[in-house]
Amino acid sequence: MNQEFMREAIRLSQENMEKNAGGPFGAVIVKDGKIVGKWRNKVTSTNDPTAHAEMVAIRDACQNLKTFELNWCELYTSCEPCPMCLGAIYWARFDKVYYGNTKEDAADINFDDQYIYEELDRPLDKRNLPMQKLLREEAIKVFQKWAEKEDKVLY
């Protein structure tokens, strides 16, 4: 744990808030004691709802390290990750995550993800966003070919 890395994430969140470039969130990714990726929230400045600080920092670190896995890395983020970012963090295989503000702190300033947490706990047919399976018979053929593919890159 390095408080300076967290201070950098917090500084990025402050800078973003002052620039009105997105929400007050920043993230820093560290490997072997060095920053390998960092960024601020870019949702409103890029019109991209997935451009949360953690997501953009993950993309930055992966480009810099030329990899799609961030094992052996630590994430320092100014706020507890939302469900989307948390999913990406697990996919990236981080060793550890440090966060400043809590999800309750975020909810207090109108960044409330509780709705998503509650939706994920509901069965598909009880969610507010209708979801329906379609053309599985055609889609499954691609999965079957993937399973047989000998030169695939596993992740």
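Further up the page is the structure itself.
What counts, and at which threshold
- Residues numbered from 1 in each chain as written.
- Predicted model: local features only at pLDDT ≥ 70, side-chain atom pairs only at ≥ 80, totals over all residues.
- Heavy atoms only, no water.
- Salt bridge = Lys/Arg side-chain N within 4 Å of Asp/Glu carboxyl O.
- Helix = DSSP H or I, 4+ residues; strand = E, 2+ residues; numbered from the N terminus.
- Buried < 20%, exposed > 50% of the residue type's maximum accessible area, 1.4 Å probe, protein only.
- Pairing = 2+ DSSP bridges.
- Axes fitted to C-alpha atoms, helices over the stretch in contact; angles between N-to-C directions.
- Contact = heavy atoms within 4.5 Å.
- Expected span 1.5 Å × (residues − 1).
- Arc of directions from axis to C-beta.
- Right-handed = clockwise from strand over helix to strand, strands pointing away.

K.L.:
Can you walk me through the pattern of salt bridges in this structure?
P.N.:
Side chains that differ in charge, positive against negative, can pair when their charged atoms come close. Applying the stated rule across the entire model yields 9 salt bridges. For Arg93, the salt bridge identified is with Glu69, shortest N-O distance 3.5 Å. Here Arg93 is found in the loop between helix H4 (83-92) and strand S4 (96-101), whereas its partner Glu69 is found in the loop between helix H3 (53-65) and strand S3 (73-79), with 24 residues between them in sequence. The exposure class assigned to Arg93 is partly exposed, which follows from its relative accessible area of 34%.

K.L.:
In this structure, what is going on with the sheet that holds strand S2 (residues 34-40)? I would like to understand it.
P.N.:
The mixed open sheet is built from 4 strands, whose spatial order is S2-S1-S3-S4. With partners counted over all chains shown, the strands left at the sheet margins are S2 and S4, one partner each. Ignoring which end each strand starts from, the neighbouring axes of this sheet average 15° apart. By the bridge criterion, 6 bridges tie strand S1 (residues 26-31) to S2 in an arrangement that is antiparallel. If you follow Val28 over to S2, its bridge partner there is Lys38. Most of the contacts of helix H1 (residues 3-19) go to S2, to which it runs at about 25°, and overall it touches S1, S2, S3 and S4. Sheet strands touched by H3: S1, S2 and S3. Its angle to S2, the strand with the most contacts, is close to 140°.

K.L.:
I would appreciate a short explanation of H1 in the present structure.
P.N.:
For an α-helix, the turn length of 3.6 residues means that residues three or four places apart are oriented alike. Here H1 spans 24 Å end to end across 17 residues, near enough to the 24 Å set by a 1.5 Å rise per residue. Listed as buried for H1 are Phe5, Met6, Glu8, Ala9, Leu12, Ser13 and Asn16. Looking straight down H1, one finds its buried side chains confined to an arc of 155°; they lie on one side. Summarising the geometry of H1, the exposed residues directed more than 90 degrees from the buried face are Gln3, Glu4 and Glu18.

K.L.:
When you look at the pairing of S3 in this model, what are you seeing that I'm missing?
P.N.:
Each regular strand carries side chains that alternate between the two faces of the sheet. Of all 7 residues in S3, 6 are buried, a share of seventy percent or more. Note: S1 against S3, 5 bridges, orientation antiparallel. Among the inter-strand pairings, Ile29 is bridged to a residue of S3, identified as Leu75. Where S3 lies against S4, 5 bridges are found, and the strand directions are parallel. Directly across from Tyr76, in S4, lies its bridge partner Tyr98. Each parallel crossover has a hand, and for S3 linked through H4 to S4 it is right-handed.

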